[in-house]
Amino acid sequence: MKKSGDFYKQVLKIAVPVTLQSLIMSLLNLTDQLMVGQLGDVAIASVGMSVKIYGILSVVLAGLATGVSIYASQFWGGGDRKSISHLLGLGLGAGLVLSGLFTIFVFFMPEMFLGIFTSDTAVKTEGSVFVQVFALSFIPSMLTMMYSAILRSTGHTQLPMYISLIAVGLNIVLNYGLIFGQLGMPEWGLMGAAAATAMARTVECLLIIGAVYKFRLPGADGFKQLFGVSKPLLRKFFATCYPIILTELIWVLGETAYAVVYSRMGTAEMTAMTITFPLQGLSIALLAGLASAAGVMVGQKLGAGDNDAAYDFARRLIRLGVMVSLVIGVILAVISPLYVSVFNISDESHRLGMYLVWVFAGFLWVKVANMIQAGGVLNSGGDSKFVFVMESATTWIIGVPSALLLSFVFNQPIYWVYLILSLEEVVRFFVGAVRIRSKKWMKNLVSDLSA
């Protein structure tokens, strides 16, 4: 009984702050969408396309942050704090190159990027202004992600949560003021939403870095300590990290392909799918803490050489995720008509949006299980190459072909397209479950890398 109690204490300690932080960010996205939603279909679609562009960068950075988190968890479990600083330096260096280049390209060529997703001239015109200003948030977002990865992996999960809460509050106030010209601020409409996000992300970044150095938390080191990385750590880190980044890229390319399919089906279809994104993000955010807890808890046990406890934690966290997500899925299905009715959209977009929420609710449990299995458990043991093969194969052999066939060949409505392509998640679940039972993923990655 005590062992079970300790397990749930650890889950709560890690999962609750991470979940609250993710929930806060999802609520922000929902608030953004609701405010922008008052500007009409074109504005909603413009934001949806712009967020897809940022999604390409964010998933690459997320893959990099996951690599940092994997090694930081194992180093922390083995009691090696010095190497954690080296990991942060690796993440910051690579992240700065990626986010810096992406900021430049998106800022100076916004219509080219939007043209990937849509041929609608109005969406490209309005979206270009939004995405240019939004691009200024890319580097601050990267810095926040890297420092948060270090803090979560070492058990300092509350600080990122509190800082995100401050940033979200600021973003909501700025959104209200800059979109509608309230609180003595100029009325910038769609551009105001982008400016509010950029300013809030910058404040968030400065607060989290300032807190790390003020309280001397992991990562509070000088330039020489951060970037004095050994070649063995560099090689091993990127050997683990590049499949994670490729996995995230394959995933976002798949999502991009889906977005292209949805947008080519019509503005009503794209609008319907776009209004479901905040609700999807909110639902996933409620369970995001379990995936993070799986990565940290299992990784720390592997770093300490306790494989039996690592395997036990993995199984229990997956079961917990499935049970909770089934309950949330039922709730989503019930409230879907009320949620969709909040938006100022056409009747057709309203009807399609409600059906899409139902499909998402039905597949939520398997999405969450896969998030814990692949993103948390398998990656914690450095099994990133297997995850890459599993994720890319299911997306590009099942998901994307079925979406293309159903939409362009068989002319099926968008909710049927979304339902059939989501079957890739079910296949991925069973493949991942077999891999976890094999225990081939269980590796101590840092035993020969102590600083």
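Residue indices begin from 1 for each chain and proceed along its sequence in written order. In keeping with the predicted nature of the model, local features appear solely for residues at pLDDT of at least 70, side-chain atom pairs appear and are counted solely at 80 or more, and the whole-chain, interface and lining totals rest on all residues. Note: side-chain values were computed over all heavy atoms of the structure, leaving out hydrogens and water.

**A closer look at the overall build of the chain**
Labels follow the DSSP assignment, with helices taken as runs of H or I lasting at least four residues and strands as runs of E lasting at least two, numbered in each case from the N terminus. The helix and strand tally for the chain stands at 16 helices and zero strands. In this description, accessible areas are obtained by the Shrake-Rupley approach with a 1.4 Å probe, and a residue is regarded as covered only by the protein chains that are shown. When the accessible area of the chain is evaluated, it comes to approximately 18,000 Å², of which 68% is carbon and sulfur surface. Once the 30 positive and 23 negative side-chain charges of the chain are each reduced to a mean point, those two points are 14 Å apart. Neither His nor the chain termini are counted; the positive set is Lys and Arg, and the negative set is Asp and Glu. Taken as the charge location is NZ of Lys, CZ of Arg, CG of Asp or CD of Glu.

**Re the packing of aromatic side chains**
The aromatic pairing rule takes the rings of Phe, Tyr and Trp, using the six-membered ring of Trp, and pairs them if the centres are within 6.5 Å, calling planes under 30 degrees apart stacked, those over 60 edge-to-face and the rest tilted. Following the criterion strictly, the structure yields 17 aromatic pairs and no others. Relative to Phe 238, the ring of Phe 237 lies with its centre 5.1 Å away and its plane at 80°, an arrangement referred to as edge-to-face. Where Tyr 355 meets Trp 358, the ring centres are 5.5 Å apart and the plane angle is 40°; that geometry is what we call tilted. Taken as a pair, Tyr 355 and Trp 358 lie in helix α13 (residues 347–380) at a separation of three residues, close to a single helical turn. What makes Tyr 355 partly exposed here is its relative accessible area of 26%. Relative accessible area serves as the criterion here: at 40%, Trp 358 is assigned to the partly exposed category. In textbook terms, an aromatic cluster arises when at least three aromatic residues are bridged by ring pairs, as seen for Tyr 54, Phe 102, Phe 113, Phe 130, Phe 134 and Phe 138. Remark: a charge is flagged as sitting over a ring if the NZ atom of Lys or the CZ atom of Arg is within 6 Å of the ring centre and within 35 degrees of the ring normal. Lying over the aromatic face of Phe 215, Lys 214 brings its terminal NZ or CZ to 5.8 Å of the ring centre. It is Arg 435 that lies over the ring of Phe 386; its NZ or CZ is 4.4 Å from the centre. Think of it in three bands: with a 1.4 Å probe and only protein chains considered, a residue is buried below 20% of the maximum accessible area for its type, exposed above 50%, and partly exposed in between.

**A closer look at the confidence of the model for the chain**
pLDDT is a residue-level measure of predictor confidence that goes from 0 to 100. Here the chain averages 87 in pLDDT, and 97% of its residues register 70 or above. Here helix α1 (residues 2–37) stands out as the element of the chain with the lowest mean pLDDT, 75, in contrast to helix α16 (residues 423–438), whose mean of 95 is the highest.

**Details of empty space enclosed by the protein**
The definitions used throughout rest on a 1 Å grid laid over the protein atoms alone, on which a cavity is an enclosed set of points accommodating a 1.4 Å probe that cannot get out and a pocket is an open set flanked by protein within 12 Å on both sides along at least five of seven lines; lining residues are those having an atom within 4 Å of a point. Grid points are joined across faces, edges and corners, and a volume is the space filled by probe spheres set on the points. Taken as a whole and assessed by the stated rule, the structure comprises two cavities of 30 Å³ or more. Of the volumes computed, that of the second largest cavity is approximately 40 Å³. Together, Met 25, Leu 28, Ala 167, Val 168, Asn 171, Ala 200, Arg 201 and Glu 204 line the second largest cavity. Elements supplying a minimum of two residues to the lining of the second largest cavity: α1, α7 (158–180) and α8 (190–214). Residues are sorted three ways: Asp, Glu, Lys and Arg are charged, Ala, Val, Leu, Ile, Met, Phe, Trp, Tyr, Cys and Pro are nonpolar, and all the rest, Gly among them, are polar. Here the residues of the lining of the second largest cavity sort into five nonpolar, one polar and two charged.

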